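Spelled out, the chains give:
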Amino acid sequence: MAKISISMAVNGKPVSTTLDPRTLLVQFLREKLLLTGTHVGCDTSQCGACVVLVDGAAVKSCTMLAVQADGTSVTTIEGVAGPAGLHPMQEAFREHHGLQCGFCTPGMIMSALDMVARLGPALDAATIRENLEGNLCRCTGYHNIVKAIAAGAEAMGAGAKAAAE
Ligand code: FES
Ligand code: FES
């Protein structure tokens, strides 16, 4: 099959490549860019381990072709921490024991960031659980993930408020 050229920003850096048009976004990120923090946990589009942000919105990167991301800005877990250290959402997962094996964690964090962007920083447990239905975790029982997301969202809100003052 003829190759196709695409360009996008990945974690703020411009990327241009030529690839088989059947390449999934997750394959492109993991196998071509070696950004292996984005995981593949199923072949049924159910687990959410592959969630990344495309133009700020959470997307299961196993359900999207890389060519569909042409011209977009993609953020993976590798692009979340800042120069000063962990992102507040990452810090909250660490602080509240929101992970055990860690396999689901990148997808959980990307979904959490999407949640804060859509719904704001004051998230109650029921809202978090409802919005996390596309992310599966085999280890934690979800309680600490919900706590971590609530705390991370609150910290993001406090940080944004402080920056605006
Ligand atoms: Fe499971 Fe994408 S790898 S939803
Ligand atoms: Fe192991 Fe979620 S921490 S799958």
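Residues numbered from 1 in each chain as written. Chains lettered and ligands numbered in written order. Predicted model: local features only at pLDDT ≥ 70, side-chain atom pairs only at ≥ 80, totals over all residues. Heavy atoms only, no water.

Caption draft 1: Here's a closer look at the pattern of salt bridges. For the coordinates displayed, the defined rule picks out 3 salt bridges. Arginine 22 is the salt-bridge partner of aspartate 20, the closest N and O atoms lying 2.7 Å from each other. In this structure, arginine 94 and glutamate 91 form a salt bridge, with 2.5 Å as the shortest nitrogen-oxygen distance. Here arginine 94 and its partner glutamate 91 are both found in helix α2 (residues 88-95), 3 residues apart, which amounts to about one turn of the helix. (Salt bridge = Lys/Arg side-chain N within 4 Å of Asp/Glu carboxyl O. Helix = DSSP H or I, 4+ residues; strand = E, 2+ residues; numbered from the N terminus.)

Caption draft 2: Broad picture of the layout of surface pockets. Estimated volume of the largest pocket: approximately 250 Å³. Forming the boundary of the largest pocket are 17 residues, of which Cys47, Phe103, Leu136, Cys137 and Arg138 lie nearest the centre. (1 Å grid on protein atoms, 1.4 Å probe; cavity = no way out; pocket = protein on both sides within 12 Å on 5 of 7 lines; lining within 4 Å. Points joined across faces, edges and corners; volume = space filled by probe spheres on them.)

Caption draft 3: Spatial organisation of empty space enclosed by the protein. What the rule picks out here adds up to 1 cavity of 30 Å³ or more. Approximately 30 Å³ is the volume attributed to the largest cavity. As for the largest cavity, its lining consists of His39, Val40, Gly41, Cys42, Cys47, Cys50 and Cys62. Grouping the amino acids of the lining of the largest cavity by side-chain chemistry returns 5 nonpolar, 2 polar and no charged. (Nonpolar A, V, L, I, M, F, W, Y, C, P; charged D, E, K, R; others polar.)

Caption draft 4: Examining the environment of isoleucine 6 more closely. Inspection of the secondary structure assignment puts isoleucine 6 in strand β1 (residues 4-10). A relative accessible area of 4% places isoleucine 6 in the buried class. Aside from chain neighbours lying at most four places away, what touches isoleucine 6 is Val15, Ser16, Thr17, Leu19, Ala66, Val67 and Asp70. (Buried < 20%, exposed > 50% of the residue type's maximum accessible area, 1.4 Å probe, protein only. Contact = heavy atoms within 4.5 Å.)

Such coordinate-based values are descriptive only and should not be taken to indicate function.
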